[in-house]
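Chain residues, written in single-letter form:
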Amino acid sequence: MNITTFGFIFVGICLNALAQLLLKAGTNAVGAIHLTAENWFATGVKLATQVPILGGLTCYVLSVGVWIIGLSRVDVTIAYPLLSIGYVINAIGAWYFLGEAVSVQRLLAIAVIIVGVVLLTRS
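A brief look at the structure comes next. Fair warning: this is a prediction, and the values are worked out from it, not measured in the lab.

**Things to note about the layout of surface pockets**
Considering only enclosed or pocket space, the largest pocket measures out at about 220 Å³ in volume. What lines the largest pocket is Ile13, Asn16, Ala17, Gln20, Tyr80, Pro81, Leu83, Ser84, Gly86, Tyr87 and Asn90. Where the lining of the largest pocket is concerned, the elements lending two or more residues are helix H1 (3-30), helix H4 (76-82) and helix H5 (85-98). Among the elements that take part in the lining of the largest pocket, H1 stands out by supplying four residues, more than any other. By residue class, the composition of the lining of the largest pocket is six nonpolar, five polar and no charged.

Here's what the structure looks like:
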């Protein structure tokens, strides 16, 4: 895999991770969602007008476009497992931007993912 191909794959992964963080920020602003027959429309409008949620959905759309370009250049057996980098990015982003806790067990799991990605990219 050359640097350009890795760049497309990595940008797609980063956009996907950013989408998750923005969606979470939007749901944090709304609060826990409890859908009922009476509130589903109002809840939908509330979610649809949250800027972070709109940003997250935009990032998703962009990530799919970039991902398709990257996928056209590399085997899916390499590209798809690289998506696990998104778990690492999300954990760091959730800790830094959303104040979520990152326990020792989570850090160990992240380390395992990083080792797996390194082994994969060297194959």
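**Quick look at the packing of H1 against helix H3 (residues 51-71)**
One can describe the packing of H1 onto H3 by two numbers: an axis separation of 7 Å at closest approach and a directional angle of 160 degrees. As the angle between them shows, H1 and H3 are arranged roughly antiparallel. H3 is crossed by H1, and the crossing has left-handed handedness.

The rules behind each value
Residues numbered from 1 in each chain as written. Predicted model: local features only at pLDDT ≥ 70, side-chain atom pairs only at ≥ 80, totals over all residues. Heavy atoms only, no water. 1 Å grid on protein atoms, 1.4 Å probe; cavity = no way out; pocket = protein on both sides within 12 Å on 5 of 7 lines; lining within 4 Å. Points joined across faces, edges and corners; volume = space filled by probe spheres on them. Helix = DSSP H or I, 4+ residues; strand = E, 2+ residues; numbered from the N terminus. Nonpolar A, V, L, I, M, F, W, Y, C, P; charged D, E, K, R; others polar. Axes fitted to C-alpha atoms, helices over the stretch in contact; angles between N-to-C directions. Parallel < 35°, antiparallel > 145°, perpendicular 65-115°, else oblique. Left-handed = near helix turned anticlockwise from the far one by under 90°.

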